[in-house]
Amino acid sequence: MRSRPPQAADPSPVRRGDRWTRWLFVAPAAAYLLLFFGYPIADNVVMSFQRYTVTSFYTGDAPFAGLRNYAAVLSSSAFPRTLLTTAVFTAGSVLGQFALGLAFALFFRRRFPLGGVLRSLLLLPWLLPLVASGTTWKWMLDPDTGVVNAVLRGVHLTSSGVPWLTGTSQALLSVVLVNIWVGVPFNTAILYGGLQDIPPHLYEAAKLDGAGPLASFRHITWPLLRPVVSVVLVLGVVYTVKVLDVILVVTGGGPAGATETIATQSYELSFRQFDFGRGAAMSNLLIVLSLVFAVLHLRADRRARTV
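Quick caveat: nothing in here was measured; it's all calculated off a predicted structure.

1. Thoughts on the packing of aromatic side chains
For any pair of aromatic rings, geometry is given as the distance between the ring centres together with the angle between the planes.
Thinking step 1. The tally for this structure, following the rule as stated, stands at 16 aromatic pairs.
Thinking step 2. For the pair Tyr52 and Phe57, a centre-to-centre distance of 5.3 Å together with 80 degrees between the ring planes defines the contact as edge-to-face.

Right under this line is the structure:
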């Protein structure tokens, strides 16, 4: 007579209770994400396919526009320049923030008097409101009365001053430098934390083998820091590509559109021209660009680690 296979026992009430407890802990975070992130994104996608204007808020009438908003945005004569400016601003800011952040992280890894105080002071640009930081930098970079030009004249590096905010090429450089100043503390904090996880005995062994600082950085620091570097670069691009307040406060997108990015163009369309459909389409393009870069970078980093 064949014996029947033992049937799985029903989950005990205790396990079912643990499962419901886990869901109760997750539910507030999930509800928050759906309410404050999921719903706005979904509503923005719907709005991008509508002819949504100021009157739509009162009448509720927003005719379906199909892909006309996206076609209008992509075929605009200003879009290629806006896309290039966004790429230059993002690349310059992320590379500058990362390079200085890594340099500061390596510097503060060594113990010296008042090192903790200096690390705390380095976080101030990150803690200050961006509008306050942008206003301060706008005053400092003023071509006529700014302290930066005053210092340059004092050391005889220029006689007439640099048009930091009025020159088409200098204005883009100015907002990049300001954004680097804002983002360096974040990069320093994350990279410094990653450096603390590297075992010190690896450097001691490398030193005994005769490896210098450059060799130790190349063969120990950089390979072990690569996962943190990937996170910092991806977050840096996602945060930088949508920067709005710094550019609006410092240059307002000018002069002559020299600092106009996709983020500022979306703001211009939505809240100055009140064409919310085209503004939503522009912001959706910004989201897609961020996601594409994040996916490509993570895949490339995964392949590099498997080689």
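2. Quick look at the side chain of Thr264
Thinking step 1. As for its position among the elements, Thr264 is in helix 13 (residues 262–271).
Thinking step 2. In this structure Thr264 comes out as buried when scored by relative accessible area, which is 2%.
Thinking step 3. Here Glu260 takes part through its side chain, which lies 2.9 Å from a polar atom of the side chain of Thr264.
Thinking step 4. Thr264 has contacts with Leu244, Ile247, Leu248 and Thr259, leaving out every residue within four places of it along the chain.

3. Here's the deal with the packing of helix 4 (residues 79–109) against helix 11 (residues 213–241)
Thinking step 1. In contact at an axis separation of 10 Å, helix 4 and helix 11 are set at 140 degrees when each is read in the N-to-C sense. In terms of orientation, helix 4 and helix 11 fall into the oblique class. As for how helix 4 packs across helix 11, the hand of that crossing is right-handed. Where helix 4 approaches helix 11, its residues Thr86, Phe89, Thr90, Ser93, Val94, Gln97, Phe98, Leu102 and Leu106 are matched on the opposing element by Phe217, Thr221, Trp222, Leu225, Val229, Val232, Leu233, Gly236, Val237, Thr240 and Val241.
Thinking step 2. Looking at the contact of helix 4 with helix 11, its residues break down into 13 nonpolar, 7 polar and no charged.

What counts and how
- Residues numbered from 1 in each chain as written.
- Predicted model: local features only at pLDDT ≥ 70, side-chain atom pairs only at ≥ 80, totals over all residues.
- Heavy atoms only, no water.
- Phe/Tyr/Trp six-rings, centres within 6.5 Å; stacked < 30°, edge-to-face > 60°.
- Helix = DSSP H or I, 4+ residues; strand = E, 2+ residues; numbered from the N terminus.
- Buried < 20%, exposed > 50% of the residue type's maximum accessible area, 1.4 Å probe, protein only.
- Polar contact = N/O pair within 3.5 Å; in protein donor to acceptor, adjacent residues only side chain to side chain.
- Contact = heavy atoms within 4.5 Å.
- Axes fitted to C-alpha atoms, helices over the stretch in contact; angles between N-to-C directions.
- Parallel < 35°, antiparallel > 145°, perpendicular 65-115°, else oblique.
- Left-handed = near helix turned anticlockwise from the far one by under 90°.
- Nonpolar A, V, L, I, M, F, W, Y, C, P; charged D, E, K, R; others polar.

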